[in-house]
Amino acid sequence: MAELKQLIFFDFEMLCSKTGMLFEDMEAIRLGAVKVDVESGLVTGFDRHIRPQQNSPLSTFCKELTGISDSDLEKADDFPEVFKDFLFWIGGVKKARFFSWSSSDILRLKADALRHNLPQATIEKISKRYVDFQAVFTKRASRTAASVEKALSFYELSFIGKPHHPMYDSYNTLRIYESFEEHLVKTDLIMVQQFIFQEAELPPVERLSQEIKYIFQKDLGEFYSNLNDAFRMKDAWKLIKKTKKLVEKYENILLSRSGIFDEELISGVEELINFYKELQTAYREHCSYTSKIMILHEQMVEPLQKICV
DNA sequence: GTACTTCAGACAGAAGCCCT
DNA sequence: AGGGCTTCTGTCTGAAGTAC
């Protein structure tokens with residue numbers, strides 16, 4: 001891939017109605033974006049209304065939600081024209097990486113490009129360089145999908161600009177991205193709160209790793225006490241599901257970039273993930289020769305035993 | 001062979017969140 | 001307000017096993 005020169009955060013406003021619409025009919029009516037020049041850090045904006053093919057008046061709901069009026073769209077260019085200007089503004093798709101908050105924007109781009117017979121090669125290039133940053137943030141920090149406002153609030157930030165204005169939505173997505181990339185300790189604290197402590201209060205950072213280790217050992221102790229030498233295949237499947245839950249609770253500790261977690265905790269989580277992988281392999285093997293029970297070998301479970309309290 | 005039970009996997013619906 | 005997505009839970013169904 002070519003050298004990364006710019007980050008593009010984009011967002012579409014779309015046709016919508018209180019009575020519901022098929023997604024394919026929810027044409028884009030406004031495209032907003034911000035571009036970050038990687039080298040200089042300079043941020044520039046893009047904001048254009050788009051005249052949809054369907055020329056019926058906007059629903060009251062849509063006007064109230066997006067703040068877009070019929071007259072805004074009457075004088076607007078159509079999708080191909082706006083998209084052409086967008087590409088020019090980007091200044092080189094191959095040197096860009098694209099982000100949006102939720103996958104609906106890339107799906108909209110694909111759907112409207114198809115509707116207007118735009119070159120699929122360009123859309124493919126963007127798709128290849130596209131990141132659904134809401135999905136990344138969910139996986140790494142918030143556990144469940146968060147709105148832009150909620151994600152900002154995790155970093156004690158508030159929304160700048162007008163909500164449902166796609167350029168400002170994009171700008172605020174950029175702010176979440178920057179916080180996520182730069183405030184590594186804070187990002188891990190959010191993750192730990194959402195994945196491990198949930199409603200409970202977070203201990204001070206200096207005690208955090210120790211407390212997590214304690215919870216981890218307790219979780220693993222309970223898990224281990226329910227392990228048998230052999231499982232019926234149905235129960236083996238349940239065990240896999242249960243292990244997966246435990247892995248999901250702790251696996252982000254291995255992806256931590258802040259250095260706040262101690263080695264013992266990290267290696268414990270590594271052992272759990274190793275066990276999970278071995279369990280999956282064993283399950284597949286037992287299925288392949290239509291076994292009725294699955295045996296857990298001593299060497300598989302032994303590393304877990306060492307971690308338990 | 002028939003009736004019944006057990007079980008895995010598919011499926012549907014609800015809930016909760018987001019998006020417009 | 002509705003659509004989309006994910007997760008969870010309960011139900012259905014067909015296959016396999018068991019008892020008679």
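On a predicted model such as this, the values are computed, not experimentally measured, just so you know.

1. Observations concerning the nonpolar core
Piece 1. I212, L227, I253, F261 and L296 are the most contacted members of the largest nonpolar core, which totals 39 residues.
Piece 2. Sorting the residues of this core by element identifies α9 (184–197), α10 (205–225), α11 (233–250), α12 (263–288) and α13 (298–307) as the ones contributing at least two each.
Piece 3. When residues in this core are grouped by element, the largest group, 10 residues, is from α12.
Piece 4. Those residues in contact with L227, other than ones at most four positions away along the chain, are L239, F275, L296, V301 and L304.
Piece 5. Judged by nonpolar contacts, the second largest core, of 25 residues, contains I50, F86, V93 and I123.

2. Section: the sheet that holds strand β1 (residues 6–14)
Piece 1. On the basis of which strands lie adjacent, the open sheet formed by 6 strands has the order β4-β3-β2-β1-β5-β6 and mixed pairing. Looking at strand neighbours, the two that pair on one side only are β4 (77–78) and β6 (130–132), the edges of this open sheet.
Piece 2. Bridge count for β1 against strand β5 (residues 96–100) is 4 bridges, and the pairing is parallel. Note on β5: the bridge partner recorded for Q6 is A96.
Piece 3. Seen against the sheet, helix α3 (residues 79–90) touches β1, β2 (28–37), β3 (43–51), β4 and β5 and runs at an angle of roughly 170° to β3.

3. Quick look at the domain arrangement of chain A
Piece 1. Entries for chain A in the domain assignment read domain 1 (6–182) and domain 2 (200–308).
Piece 2. Computed from C-alpha atoms alone, the centre-to-centre distance between domain 1 and domain 2 is 39 Å.
Piece 3. Between domain 1 and domain 2, the residue contacts involve 4 residues of the former and 5 residues of the latter.
Piece 4. The largest share of the area that domain 1 buries against domain 2 comes from K139, R140 and F180, three residues that together contribute 91% of it.
Piece 5. Taken together, domain 1 and domain 2 are joined by 2 salt bridges.

4. Topic: the packing of aromatic side chains
Between two aromatic rings, the relevant description is the distance of the centres plus the angle of the planes.
Piece 1. Counted according to the given criterion, the structure contains 21 aromatic pairs.
Piece 2. Relative to F137, the ring of W101 lies with its centre 6.0 Å away and its plane at 50°, an arrangement referred to as tilted. A residue pair is termed long-range when its members are at least 10 positions apart, and W101 in the loop between β5 and α4 (104–115) and F137 in helix α6 (residues 133–142) qualify at 36 residues. Here W101 matches F137 in class, with each residue buried.
Piece 3. A relative accessible area of 0% places F137 in the buried class.
Piece 4. Put simply, the rings of F9, F99, W101, F133, F137, F154, Y155, Y177 and F180 touch in pairs and so form one group of aromatic residues.
Piece 5. Sitting above the plane of the F23 ring, R108 keeps its charged end 4.5 Å from the centroid.
Piece 6. A cation over a ring is seen here: R257 above F180, with NZ or CZ 4.7 Å from the ring centre.

5. A look at the environment of Y171
Piece 1. As for its placement among the helices and strands, Y171 is situated in helix α8 (residues 166–182).
Piece 2. Residues Y171 and C308, 137 residues apart in the sequence, show an inter-C-alpha distance of 46 Å.
Piece 3. Once you skip the residues sitting within four places of it in the chain, Y171 turns out to touch V34 and I160.

6. Some words on the layout of surface pockets
Piece 1. The computed volume of the largest pocket comes to approximately 400 Å³.
Piece 2. Every residue lining the largest pocket is counted, 23 residues in all, and those nearest its centre are D11, F12, E13, H164 and D169.
Piece 3. Contributing elements (two or more residues each) for the lining of the largest pocket: β1, α1 (60–66), α4, α7 (148–154) and α8.
Piece 4. The greatest single-element share of the lining of the largest pocket, amounting to 5 residues, is contributed by β1.
Piece 5. The residue inventory of the lining of the largest pocket, partitioned by class, reads 10 nonpolar, 8 polar and 5 charged.
Piece 6. Volume-wise, the second largest pocket comes out at about 250 Å³.
Piece 7. For the lining of the second largest pocket, the elements supplying multiple residues, two or more each, are α6 and α11.
Piece 8. If you tally residues by element for the lining of the second largest pocket, the top one is α11, at 3 residues.
Piece 9. Looking at side-chain class alone, the lining of the second largest pocket contains 1 nonpolar, 2 polar and 6 charged residues.
Piece 10. Among the domains, domain 1 (6–182) and domain 2 (200–308) are the pair contributing at least three residues each to the lining of the second largest pocket.

Parameters and conventions
- Residues numbered from 1 in each chain as written.
- Chains lettered and ligands numbered in written order.
- Predicted model: local features only at pLDDT ≥ 70, side-chain atom pairs only at ≥ 80, totals over all residues.
- Heavy atoms only, no water.
- Core = buried A, V, L, I, M, F, W, Y, C linked by side-chain atoms within 4.5 Å.
- Buried < 20%, exposed > 50% of the residue type's maximum accessible area, 1.4 Å probe, protein only.
- Helix = DSSP H or I, 4+ residues; strand = E, 2+ residues; numbered from the N terminus.
- Contact = heavy atoms within 4.5 Å.
- Pairing = 2+ DSSP bridges.
- Axes fitted to C-alpha atoms, helices over the stretch in contact; angles between N-to-C directions.
- Domains from an automatic or database assignment.
- Buried area = accessible area lost by both parts, 1.4 Å probe.
- Salt bridge = Lys/Arg side-chain N within 4 Å of Asp/Glu carboxyl O.
- Phe/Tyr/Trp six-rings, centres within 6.5 Å; stacked < 30°, edge-to-face > 60°.
- Lys NZ or Arg CZ within 6 Å of the ring centre and 35° of its normal.
- 1 Å grid on protein atoms, 1.4 Å probe; cavity = no way out; pocket = protein on both sides within 12 Å on 5 of 7 lines; lining within 4 Å.
- Points joined across faces, edges and corners; volume = space filled by probe spheres on them.
- Nonpolar A, V, L, I, M, F, W, Y, C, P; charged D, E, K, R; others polar.

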